[in-house]
Amino acid sequence: MTQKSNLDVATIWNEYGDMQKYLTEEKVYDNIKKNEKFVEGNQWDGCETETIAKITMNELKRIRDYQCASIASNDIGISINPMSVAGDIKNKSSFITNEIKKVIEQTGMIKDGRLVVNDAYAAGYEYFLHSFDPDYDTGQIYKGRIKNQIVDATQVGFGNPYDRNIQEQPYILIALRQYVESVKDEARDLGLDEDTVEMITTDSDDSNMYEEKDNKLCTVLLRFYKKRVWNEELQKWQRTVHYCKCTKNVVLIDETDLGYLRYPISCFGWIPKKRSYVYESPVTANIPAQIFINKLYTVANEYAVKGAFPKPIVDKNKIDPKKLLDGTGNALVTANADLLGKFVDFYKSPDFSGQVLNLINLTTSELRETMGVNDTVLGNIRPDNAQAILATSEITITPLKIQLQAWYDFWEDNIRNLIDIMTTCYGVRETVIGDQKGEVDWSALKGINFDLDIDTGTGAQFSELTQFQTLSNLLSAGLIDIEEFTELCNSKVLPKAALQELLKKRSEVPQQIPQPNGNNELPLE
């Protein structure tokens with residue numbers, strides 16, 4: 001290498017090798033490839049026979065679609081309150097919350113979050129990686145914006161693979177497959193000389209996870225780690241996040257202090273695996289049941305095609321089978337079929353056993369039950385009163401309570417990561433709520449703990465009806481007016497924060513005390 005650097009690239013790539021070895025031992029690569037094929041419907045992969053029609057009844061995809069929709073269709077409601085006695089900071093909590101919501105919308109995190117849940121169903125887990133682009137023009141004094149990126153499970157490795165706590169890791173590796181020419185352009189932008197740039201060459205994906213049709217990619221490693229540094233302004237030691245970026249031969253970005261207190265990474269996983277940072281997919285354990293269902297349907301189909309209809313028996317000594325069957329074939333041809341003079345007869349196969357169909361239905365039903373999907377969940381019941389509607393709404397999400405809590409934790413980690421990046425990189429920025437403008441000095445919020453209230457609206461079809469009825473009751477009781485009713489109805493999640501804000505505003509308005517009239521009597525309403 002012609003570039004001077006304090007980094008030992010060989011050591012980083014040895015860590016990358018350890019990451020791949022661990023994922024291989026945990027069968028992560030094999031399980032993900034197999035799971036993705038089954039969810040996509042490629043469930044007969046490796047079966048070369050062409051003599052029978054291979055039937056696929058993809059129950060795993062139907063279950064995946066429901067479970068992912070039940071979690072990822074929930075809208076995110078955010079309320080952020082700094083745990084600080086400083087009045088100026090507390091008074092700007094609404095501006096802070098609004099700016100976080102703006103970042104979530106601009107980066108498309110809601111949409112990407114749904115993709116994470118969907119992709120994690122087969123893989124077991126997926127990641128968000130947050131970064132800051134300092135060159136983006138915001139139209140204000142301070143430039144830059146936050147960017148968001150989905151990272152696959154097989155692209156991330158932990159320094160301590162036996163602990164899934166992201167923030168406690170000694171280091172985190174992220175392996176990206178990028179086009180060589182794009183990496184070379186980035187290297188030139190970073191000021192590397194041309195001889196060093198030419199050392200960036202294509203390489204193969206050692207994991208063999210996905211087929212690469214052209215050999216134009218190379219692996220780029222990001223290594224995040226925390227290092228103890230002295231903060232002159234606060235006059236104390238802090239562990240801040242550092243990172244470096246390299247290919248197999250070239251250091252693109254040398255050791256850099258990002259200033260973050262948290263790793264800018266968050267994870268959503270389905271089934272935690274004990275003493276490991278990897279998660280298991282709900283698909284893995286249920287593939288044998290899916291194979292069994294496909295085989296039963298295939299056998300039933302073969303019988304229906306070949307044995308469900310009577311088959312003619314033709315005496316070839318008395319008539320030409322081709323003339324009788326008009327060239328259609330598919331007959332039993334024999335000699336001296338009948339001594340009584342018949343030249344054609346029909347043979348009917350034994351009736352197909354109904355137990356096979358019962359077994360198919362039972363296996364399908366048990367598979368759905370095992371994975372938390374039943375008739376109640378799929379909407380195959382009709383609740384006949386208000387209590388039944390609410391009970392049904394609650395039952396539909398009960399099997400996914402643990403995953404739903406993981407969804408909440410995933411978003412709390414995302415928001416804390418955003419706050420960490422914003423307090424490090426944003427500086428002073430203007431934000432607007434309605435017709436109110438305010439400035440927030442994000443650097444003053446560095447290190448302050450925040451009380452996050454993450455609300456999500458249930459994806460069940462009855463949640464909006466329940467919310468509407470609740471607000472209608474408040475309107476009928478005179479507790480809110482028609483403008484407030486309309487505003488609260490626009491919220492797609494239960495408007496708890498909005499109701500709290502409404503009560504706060506009303507408490508600040510002095511109550512009108514009725515004055516007595518000339519007869520010292522209070523006016524009647």
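Above this text you will find the structure in question.
Everything quoted here is computed from the prediction, not taken from an experiment.

Reading the values: the criteria
Residues numbered from 1 in each chain as written. Predicted model: local features only at pLDDT ≥ 70, side-chain atom pairs only at ≥ 80, totals over all residues. Heavy atoms only, no water. Helix = DSSP H or I, 4+ residues; strand = E, 2+ residues; numbered from the N terminus. Polar contact = N/O pair within 3.5 Å; in protein donor to acceptor, adjacent residues only side chain to side chain. Contact = heavy atoms within 4.5 Å. Patch = residues over 30% accessible without salt bridge, like charges linked within 9 Å, V, L, I, M, F, W, Y side chains within 5 Å. Areas by Shrake-Rupley, 256 points an atom, 1.4 Å probe, with all protein chains shown as cover. Salt bridge = Lys/Arg side-chain N within 4 Å of Asp/Glu carboxyl O. Pairing = 2+ DSSP bridges. Axes fitted to C-alpha atoms, helices over the stretch in contact; angles between N-to-C directions. Expected span 1.5 Å × (residues − 1). Buried < 20%, exposed > 50% of the residue type's maximum accessible area, 1.4 Å probe, protein only.

**Things to note about the side chain of R223**
- Looking at the element boundaries, R223 is found in strand 6 (residues 217–231).
- Looking at R223, its side chain comes within polar contact range of the side chain of E15, at 2.8 Å.
- Leaving out residues up to four positions away in the same chain, R223 has contacts with I12, E15, Y171, I172, L173, H242, Y243 and C244.

**Regarding a nonpolar patch on the surface**
- Side chains of I141, Y142 and V428 sit close together on the surface and give an oily, nonpolar patch of about 310 Å² of accessible area.
- In this structure, Y142 sits in the loop between strand 2 (125–133) and strand 3 (145–151).

**Let's talk about the sheet that holds strand 9 (residues 265–269)**
- Strand order in the open sheet formed by three strands is 3-2-9, with antiparallel pairing between adjacent strands. Edge positions in the open sheet fall to strand 3 and strand 9, since each of these has one partner strand only. Between one strand axis and the next, the sheet turns through 20° on average, direction left out of account.

**Observations regarding helix 3 (residues 59–72)**
- Its 14 residues give helix 3 an end-to-end C-alpha distance of 20 Å, which sits within 8% of 20 Å, the value for a rise of 1.5 Å per residue.
- Taken across its 14 residues, helix 3 has ten buried, putting it largely inside the fold.
- Every buried residue of helix 3 is listed here: E59, L60, I63, R64, Y66, Q67, C68, S70, I71 and A72.
- The distance from a side-chain oxygen at the start of helix 3 to the backbone nitrogen of K61 is 3.1 Å, and the residue carrying that oxygen is N58.

**Re the pattern of salt bridges**
- Tallied over the full model, the rule gives 16 salt bridges.
- A salt bridge links E198 to R188, with the shortest nitrogen-to-oxygen separation between them at 4.0 Å. One end of the pair, E198, is in the loop between helix 8 (194–197) and strand 6; the other, R188, is in helix 7 (residues 180–189), with ten residues separating them in the sequence.
- Classification of E198 by relative accessible area gives partly exposed; the value is 42%.
- Assessed through its relative accessible area of 33%, R188 is described here as partly exposed.
- When the shortest N-O distance is used, the salt bridge between K227 and E255 registers 2.8 Å. With K227 in strand 6 and E255 in strand 8 (residues 251–257), the pair connects residues that are 28 residues apart, well separated along the chain.
- For K227, a relative accessible area of 38% puts it in the partly exposed group.
- The structure contains a network of salt bridges with shared partners spanning K184, D185, R188, E194 and E198.

**Here we look at the sheet that holds strand 6**
- Spatially, 4-5-6-7-8 is the arrangement adopted by the five strands of the open sheet, whose pairing is antiparallel. In the strand order of this sheet, the two ends are held by strand 4 (156–158) and strand 8, each with one partner. Strand-to-strand, the axes of this sheet are offset by a mean angle of 20°, without reference to chain direction.
- For strand 6 and strand 7 (residues 236–246), the ladder comprises eleven bridges, and the chain directions are antiparallel. Each residue of the ladder has a partner; that of R228, found in strand 7, is R239.
- Against the sheet, helix 1 (residues 9–25) engages strand 4, strand 5 (171–179), strand 6, strand 7 and strand 8, with an angle of about 110° to strand 6.
- Those strands touched by helix 7 are strand 5, strand 6, strand 7 and strand 8, and its axis lies near 115° from that of strand 5.

The values reported here are purely geometric and, on their own, carry no functional implication.
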